[in-house]
Amino acid sequence: EYARAIPADRLLVETDLPDESDIDRNGEEVRAQYRTALVSTYEQLISMRGATILNALQKNVQRIFSVV
């Protein structure tokens, strides 16, 4: 519901990366699980808000974190 209610220019996707020790022990398995979860989140957002939400998310990250 939050993803529907928050204006597109205010929406961010929180990405808690796996613990470094988990990555060290399980390497690619952990990375693959993380990628799968992130892709699923983006797919759900696209389903709810349309594909333009991806551009809005990118602009939000660039604006907030000064990423070029």
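It should be noted that the structure appears before, not after, this text.
Calculation notes
Per chain, the residues get numbers from 1 upward, laid out in the order the sequence is written. Two thresholds apply to this predicted model, a pLDDT of at least 70 for residue-level local features and 80 or more for giving and counting side-chain atom pairs, whereas whole-chain, interface and lining totals are computed over all residues. The side-chain quantities take in all heavy atoms of the structure and omit both hydrogens and water. Only DSSP runs of H or I with at least four residues qualify as helices, and only runs of E with at least two residues qualify as strands; both kinds are numbered from the N terminus onward. The classification of residues rests on relative accessible area computed with a 1.4 Å probe and restricted to protein chains. Under 20% of the type maximum is buried, over 50% is exposed, and intermediate values are partly exposed. The contact rule is simple, with two residues in contact once any of their heavy atoms fall within 4.5 Å. Accessible areas in this description were obtained via Shrake-Rupley with a 1.4 Å probe; residue shielding takes into account the shown protein chains only. For a helix, the expected span equals 1.5 Å multiplied by the residue count minus one. What qualifies as a polar contact is a pair of N or O atoms within 3.5 Å, subject to a donor-acceptor requirement within protein and to the restriction that residues adjacent in sequence count only when both atoms come from side chains.

Draft legend 1. Just the overall build of the protein chain, in detail. Of the regular secondary structure elements, the protein chain holds four helices and zero strands. Residues counted as buried form 15% of the 68 residues belonging to the protein chain. For the protein chain, long-range pairs separated by at least 24 residues make up 62% of all intrachain contacts whose partners lie at least 6 apart in sequence. Summed over all atoms, the accessible surface of the protein chain reaches about 5400 Å², with 52% contributed by carbon and sulfur.

Draft legend 2. Quick look at helix α3 (residues 28-49). If you check α3, its first and last C-alpha atoms are 31 Å apart, about what 22 residues at 1.5 Å a residue would give, namely 32 Å. Glycine 50 occupies a position one or two residues after α3 and carries a positive phi of about 90°.

Draft legend 3. Inspection of the side chain of asparagine 60 at higher detail. Turning to its location among the elements, asparagine 60 is positioned in helix α4 (residues 52-65). A polar contact of 2.8 Å, which involves the side chain of asparagine 60, links it to the backbone oxygen of alanine 8. A distance of 3.1 Å separates polar atoms of two side chains, one belonging to asparagine 60 and the other to arginine 63. Discounting residues that sit within four places of it in the chain, asparagine 60 has contacts with Ala8, Asp9, Arg10, Leu11 and Leu12.

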